[in-house]
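A look at the structure
So you can see what is in the structure, the chains are spelled out below.
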Amino acid sequence: MGDGMAATGRGRITIRDVAGRAGVSAATVSRVLSGKYPVPPATRTRVLRAARALDYVANPHARALVGGGRKMVAVVVRQVTNPFYAQVAEGVEAEATAHGLLCLVGSTGGDPQREMEFVQLMREEGASVVILAGGVVEDDAYRERVAHYAHALDAAGSRLVLCGRPSPDPGLPALVVVFDNEAGARAITSHLISTGHRRIVFLGGLPGNTALDARVTGYRAALAAHGLPAESAQIVDCGLGRAAGHRAMTELLKETREFTAVFAGDDMVAAGALRAISDAGLRVPDDISLVGYNDIPLAQDFNPPLTTVHTPAEQLGRAAVRLALRDPEETAETRHVLGTHIVVRDSVSPPPSARAQ
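- With an unreviewed UniProt entry as reference, the protein is termed LacI family DNA-binding transcriptional regulator, source organism Streptomyces milbemycinicus.

1. Structural notes on the nonpolar core
- Counting 43 residues, the largest nonpolar core has V73, V75, I131, V161 and F263 as its most contacted members.
- It is helix α12 (residues 313-324) that provides the largest number of residues to this core, a total of seven residues.
- Split by domain, this core shows at least three residues from each of two domains, domain 2 (72-179 + 313-339) and domain 3 (181-312 + 342-356).
- Every residue in contact with V161, bar those within four places of it in the chain, is listed here: V129, V130, I131, L132, L175, V177, A320 and A324.
- V201, A270, V284 and I288 belong to the second-largest nonpolar core, a separate cluster that totals 25 residues.

2. Let's talk about helix α3 (residues 41-53)
- In this model α3 runs 18 Å from its N-terminal to its C-terminal C-alpha over 13 residues, within 8% of the 18 Å that 1.5 Å per residue would give.
- Inspection of α3 places T43, V47, A50 and A51 among the buried residues, and these make up the whole buried set. The arc that holds the buried residues of α3, viewed along the axis, is 100 degrees, so those residues lie on one side. Along α3, exposed side chains directed more than 90 degrees from the buried face belong to P41, A42, R49 and R52.
- D55 sits one or two residues past α3 and shows a positive phi near 55 degrees.

3. Details of the sheet that holds strand β7 (residues 234-236)
- An order of β7-β6-β8-β9 is seen for the four strands of this open sheet, with the pairing classed as parallel. For this open sheet the edge positions go to β7 and β9 (289-291), each flanked by a neighbour on one side alone. Geometrically, the sheet is characterised by an average inter-axis angle of 20 degrees between neighbouring strands, direction not taken into account.
- Pairing geometry for strand β6 (residues 200-203) and strand β8 (residues 261-264), over four bridges, is parallel. Among the inter-strand pairings, F202 is bridged to a residue of β8, identified as F263.
- In this fold helix α9 (residues 210-225) packs onto β6, β7 and β8, with an angle of close to 175 degrees to the strand it touches most, β6.

The rules we used
- Residues numbered from 1 in each chain as written.
- Predicted model: local features only at pLDDT ≥ 70, side-chain atom pairs only at ≥ 80, totals over all residues.
- Heavy atoms only, no water.
- Core = buried A, V, L, I, M, F, W, Y, C linked by side-chain atoms within 4.5 Å.
- Buried < 20%, exposed > 50% of the residue type's maximum accessible area, 1.4 Å probe, protein only.
- Helix = DSSP H or I, 4+ residues; strand = E, 2+ residues; numbered from the N terminus.
- Domains from an automatic or database assignment.
- Contact = heavy atoms within 4.5 Å.
- Expected span 1.5 Å × (residues − 1).
- Arc of directions from axis to C-beta.
- Pairing = 2+ DSSP bridges.
- Axes fitted to C-alpha atoms, helices over the stretch in contact; angles between N-to-C directions.

Below, the structure written as structure tokens:
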């Protein structure tokens, strides 16, 4: 996992431990780490090497007492240009500001190493709260990484919040704030079925991704609840993003026209699918009904406006900060679930065969 996120089971390393290893006084260590006083270069090098070797992180509470602490909340997202992540970050920023805290946003592009470096930096800077936002592939590497984050941040006096993703271990010192992905998917699939659709494609699967797997589960559950056979489910694993939706929808239309509705994994996939349907000379909803997920601000400006699942993105960000700043003794429940609801617009109509009858 790298030296920066070393195990913390031995207890918190103090400035005296660093002084002992470097062979200097605690006051000298303090001068070196503060950077405010002249120190001989050789001494400075010894102190910094000792601090790195011991994985020392200054106590944020002690730094705050002498005016050196930074009252910060950090939110780490995959992509700042994604409307869902942007709304989560806006919620974090608004709630942080309400509590007099500075908000920092980091973007990883899905790179675990960048995520780790950002979390370590926030740990060293004494951030009060570190929020990791968005669905992930929950593999062994992820579970190990989050366990290190949680314990290291806890030892440094910070709190970790997993926002829109589950905790790999309920025993970790971390809060979880999520919305009910499965229920939202079940509801919007049921909406399509109640409109008369029986051949519905789920476009945007990404096996292993916690958010999308839950949406696929909700999609399958709705089909079963309405008496449709399991083999009626058709899942296209194309991942997320407008380009992925356009590419996958284009290929699907070349293979078959048997389906009458598409459930896009999120609204950006729906945007790409909408363009591909139009490029094929078809219309939504006259020829194919289309629904999305997340209810990004632009969804109502699609042509036609998109029926979708509204997820409480901004509320997620706000709740992550609000819950993390509570006294831990007042927060017995570490997992908090927010609800979703359908927003009905103009991208769904009965299938052509039903209208003809």
